[in-house]
Amino acid sequence: MKIPGLFWGQFRRDGALALRQPGELANPLAFFVLVITLFPLGVSPESAVLAPLAAGVLWIAALLSTLLGLEGLFRRDRDEGTLEQLVLHGEPLVLAVLARLLVHWLGTGLPLTLLAPVLGAMLALPEEARWPVTAGLALGTPILVLLGGVGAALTVSLRSGGVLLALLVLPLFIPVLILGVSVAELAVAGLPTAPVLAWLGAGAALALVTAPFAIAGALSIAVETG
Amino acid sequence: MNFESFSAFLAMGGHGPYVWSCYGLTLAVLLFNGLAPGRRQRRFLREQRARQRRQEQPQEQA
Amino acid sequence: MKVPAPLVRLWHRLGSPRWFFETTAPWLPWLLGFGVVLLGAGAFWGLALAPADYLQGNSFRIIYVHVPAAILAQSCYMLMGTCGVVLLVWRMKLADMVLEAAAPIGASFTALALVTGAVWGKPTWGTWWAWDARVTSMLILLFLYLGIIGLRQALARPEAAGRACAILAIVGLVNIPIIKYSVDWWLTLHQPSTFKLTEKPAMPPSMWIPLLLSVLGFYALFIWSVLQSTRVVVLERERRTAWVQNFAAEQGSKA
């Protein structure tokens, strides 16, 4: 089989599996909306207070809900033994990893990005920042999934790796958070946002060509050492 | 010498508590990093000797 | 490119933990001696002889422990990232042992830099904590250290833990400059750079020579601690080999 064939075959299998359990896909999204609901209640419902916080709240909620979805990224494969097959099969593991991450992003990062304009309006996000922030999320959430995948792969053999996973990946998410929130500030100030969005795009490209190899390496360690 | 008396040296122009607590903490961290491996090594050697004795005993009885 | 023969020989020898254990033993007292003398001289000079800063008064003398701790915190992470590469590429066991030994020491220097920075901030900025770019990067570095330590403790098998920590250390090493630049950029966007802790237009020699001495002293004491700690890890990992068993028996008969 050719490389695209391998990738799409894996993509279709993972996609079908994910669609069979829509609850698992919906949970991080529900969490995302819930966190955003908590902020007006916990801070203030007044739009004057919410507006400057809105982009930060959206991004932190995105970070946390991505984190929540990560634990299950490779867990079931490990429990069912399919991870072992993938690693030992001789197929390029990187392709299988990429397919899995793409399915995961389509199930979490993409809907989260699509929801952002609506939730932004609920948080009184200034109108001129709405589309730049959404574009930032579209470029930034793939980075979160890719970097988070490294943490998920490193902790895949742990029974309760959740807190450790957060400790491993949240510091790595910080640059994405900073760039994502600054897009909103620049937009509100009437400054061009394209340079920062370009940085996010560059980060996504860099993560796309490096992170899958780290993930594949971490997964083979988990399999080889039991 | 930058200070006129020893008490002036200790007082650091009113910044004494800040300066000396930093130096004290540094000393504590350096001491801990330097001494902890020694303690760990002594404990390891004690346990290792106990392990080796346990391994030798059955052979002597046989 | 041809690598000089002595370097090749050293490289092969580094593959043997036993060689490392036996060779480094005589280095330890020297490192301790250099460290104590250099740091002692630097601290005495900095505390008693250097002139007070014209703006900060005597609180600036914290620089002689704060800056070396911060430098070592970063150097130690670089060391760990390098060890990670060596472990994954050449499967050198010793690299993993250094990686294990260095992590808590690096974390302790990072925490020390943060705490001394906070104590210094109180008389200088009037607050214990300010979201200054260096402080923030240092805090994130501490989280990176805690992640590596946590991962090693969570994974039971030493081999799996070593290689997983190596991957994490490399990922962290690649990300540190990215984190640093993004934090710098973010905070210059938010506040004019009035908070500058260590950047002085020109320090007179009576101020920077003691700083140099104490940085060198910190390096010597850091190497001393890491070597000692690595040696214990060597013993623990190699405890089934004959040479460790002989060593333990010898030490026992001496005691």
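Since the structure is predicted, the reported quantities are computational estimates derived from the model, not experimental observations. (Residues numbered from 1 in each chain as written. Chains lettered and ligands numbered in written order. Predicted model: local features only at pLDDT ≥ 70, side-chain atom pairs only at ≥ 80, totals over all residues. Heavy atoms only, no water.)

(A) Local environment of the overall build of chain A. Helix and strand content of chain A: 10 helices and zero strands. Against the globule reference of 17 Å for 226 residues, chain A gives a C-alpha radius of gyration of 18 Å, in line with a compact fold. With the C-alpha coordinates aligned to their principal axes, the bounding extent of chain A is approximately 55 × 35 × 30 Å. Per-residue burial over chain A gives 54% buried out of 226 residues. In chain A, the proportion of contacts linking residues at least 24 apart, taken out of those at least 6 apart, comes to 83%. In the structure as shown, chain A presents an accessible area of about 9900 Å², 70% of it carried by carbon and sulfur atoms. (Helix = DSSP H or I, 4+ residues; strand = E, 2+ residues; numbered from the N terminus. Rg over C-alpha atoms; globule rule 2.2 N^0.38 Å. Buried < 20%, exposed > 50% of the residue type's maximum accessible area, 1.4 Å probe, protein only. Contact = heavy atoms within 4.5 Å. Areas by Shrake-Rupley, 256 points an atom, 1.4 Å probe, with all protein chains shown as cover.)

(B) Examining the overall build of chain C more closely. Helix and strand counts for chain C stand at nine helices and zero strands. Along its sequence from the N terminus, chain C presents helices and strands in the succession α-α-α-α-α-α-α-α-α. Counting only C-alpha atoms, chain C reaches 60 × 45 × 40 Å along its principal axes. Looking at chain C as a whole, 53% of its 255 residues are labelled buried. Summarising the internal contacts of chain C: among those between residues at least 6 apart in sequence, 80% fall at separations of at least 24. Approximately 11800 Å² of chain C is accessible, and the part contributed by carbon and sulfur atoms is 69%. Both charge centroids of chain C, one from 20 positive and one from 11 negative side chains, sit 4 Å from each other. (Lys, Arg positive; Asp, Glu negative; His and termini not counted. Charge placed at Lys NZ, Arg CZ, Asp CG, Glu CD.)

(C) Geometry of the interface of chain A and chain C. If you look at the interface, chain A gives 27 residues, while chain C gives 26 residues. Buried surface at the junction of chain A and chain C, both sides included, amounts to about 2300 Å², of which 82% is carbon and sulfur. The three residues of chain A that bury the most area against chain C are Leu154, Ile221 and Thr225 of chain A, which together make up 24% of that side's buried surface. Between the two partners, chain A and chain C, sit one salt bridge. Linking glutamate 224 of chain A and arginine 163 of chain C is a salt bridge whose minimum nitrogen-to-oxygen distance equals 3.4 Å. Remark: the boundary between chain A and chain C carries one residue pair in polar contact (both at pLDDT 80 or more). Looking at the side of chain A that touches chain C, the elements that each hand over two or more residues are α8 (127–154), α9 (162–188) and α10 (194–224) of chain A. Ranked by residue count, the leading element in the side of chain A that touches chain C is α9 of chain A, at 12 residues. Partitioned by chemical class, the residues of the side of chain A that touches chain C number 19 nonpolar, six polar and two charged. (Buried area = accessible area lost by both parts, 1.4 Å probe. Salt bridge = Lys/Arg side-chain N within 4 Å of Asp/Glu carboxyl O. Polar contact = N/O pair within 3.5 Å; in protein donor to acceptor, adjacent residues only side chain to side chain. Nonpolar A, V, L, I, M, F, W, Y, C, P; charged D, E, K, R; others polar.)

(D) Representation of the interface of chain C and chain B within the structure. Listed per partner, the contact involves 46 residues of chain C and 30 residues of chain B. Where chain C abuts chain B, roughly 3200 Å² becomes buried across the two surfaces, and 69% of that area is made up of carbon and sulfur atoms. Of all residues in chain C, Leu47, Asn58 and Val232 of chain C bury the most surface against chain B, accounting for 17% of the area lost on that side. The interface formed by chain C and chain B contains two salt bridges. For glutamate 236 of chain C, the salt bridge is made with arginine 40 of chain B, and the minimal N-O distance between the two is 2.8 Å. For the pair chain C and chain B, the number of links is eight residue pairs in polar contact (both at pLDDT 80 or more). Residue assignment for the side of chain C that touches chain B shows that the elements contributing at least two residues are α3 (27–49), α4 (63–90), α5 (93–125), α8 (205–237) and α9 (242–254) of chain C.

(E) Structural context of α4 of chain C. A rise of 1.5 Å per residue sets the reference length of α4 of chain C, with its 28 residues, at 40 Å; its end C-alpha atoms lie 40 Å apart and thus fit the reference within 8%. Trailing α4 of chain C by a residue or two, arginine 91 of chain C shows a phi angle of about 55 degrees, which is positive. (Expected span 1.5 Å × (residues − 1).)

(F) Region of interest: the pattern of salt bridges. Scanning the model with the defined rule gives 13 salt bridges over all chains in all. Notably, a salt bridge pairs glutamate 100 of chain C with arginine 40 of chain B, separated by 3.6 Å at the nearest N-O pair. Residue glutamate 100 of chain C is located in helix α5, and its partner arginine 40 of chain B is located in helix α2 (residues 16–61); the two belong to separate chains. Overall, the relative accessible area of 27% leaves arginine 40 of chain B in the partly exposed class. With a shortest N-O distance of 3.1 Å, glutamate 22 of chain C and arginine 18 of chain C are connected by a salt bridge. Of the two residues, glutamate 22 of chain C and arginine 18 of chain C are both situated in helix α2 (residues 17–24); the distance of four residues between them amounts to about one turn of the helix. Glutamate 22 of chain C gets classed as partly exposed once you look at its relative accessible area, which sits at 45%. One network of salt bridges, in which partners are shared, links Arg40 of chain B together with Asp96, Glu100, Arg152, Glu236 and Arg237 of chain C.

(G) Representation of the packing of α8 of chain A against α10 of chain A. All names here are of chain A. Axis separation between α8 and α10 bottoms out at 8 Å; the angle between their running directions is 15 degrees. Classed by the angle they form, the pair α8 and α10 counts as roughly parallel. Where α8 crosses over α10, the handedness of that crossing is left-handed. Per-class residue counts for the contact of α8 with α10 are 19 nonpolar, five polar and no charged. (Axes fitted to C-alpha atoms, helices over the stretch in contact; angles between N-to-C directions. Parallel < 35°, antiparallel > 145°, perpendicular 65-115°, else oblique. Left-handed = near helix turned anticlockwise from the far one by under 90°.)

(H) Fine view of a nonpolar patch on the surface. Side chains of Leu206, Leu208 and Val209 of chain A together with Val174 and Ile178 of chain C sit close together on the surface and give an oily, nonpolar patch of about 420 Å² of accessible area. Taken together, the elements giving at least two residues each to the nonpolar patch come down to α10 of chain A together with α7 (158–190) of chain C. (Patch = residues over 30% accessible without salt bridge, like charges linked within 9 Å, V, L, I, M, F, W, Y side chains within 5 Å.)

(I) Representation of the environment of glutamine 57 of chain B. Within the secondary structure, glutamine 57 of chain B sits in helix α2. Separated by 42 residues in sequence, glutamine 57 of chain B and histidine 15 of chain B place their C-alpha atoms 63 Å apart.

(J) Spotlight on the side chain of glutamine 10 of chain A. Residues and elements named next belong to chain A. For glutamine 10, the location among the structural elements is in helix α1 (residues 3–20). Engagement of the side chain of glutamine 10 in a polar contact is seen with the side chain of arginine 13, the distance being 2.9 Å. Once residues lying within four places of it in the same chain are set aside, the contact partners of glutamine 10 are Leu86, Ala96 and Ala99.

(K) Layout of the nonpolar core. Val133 and Leu219 of chain A together with Phe109 and Leu151 of chain C are the most contacted members of the largest nonpolar core, which totals 149 residues. Counting residues in hydrophobic clusters, the runner-up holds 20 residues, among them Ala43, Ala48, Tyr64 and Leu211 of chain C. (Core = buried A, V, L, I, M, F, W, Y, C linked by side-chain atoms within 4.5 Å.)

(L) Layout of the packing of α4 of chain C against α7 of chain C. Residue and element names in this part refer to chain C. Packing of α4 against α7 leaves a shortest axis separation of 8 Å and a crossing angle of 130 degrees. When the interaxial angle is binned, α4 and α7 end up oblique. Of the two elements, α4 crosses α7, and the hand of that crossing is left-handed. Together, Tyr77, Met78, Met80, Gly81, Thr82, Gly84, Val85, Leu87 and Leu88 of α4 and Gly162, Arg163, Ala166, Ile167, Leu168, Ala169, Ile170, Gly172, Leu173 and Ile176 of α7 make up the contact between the two elements.

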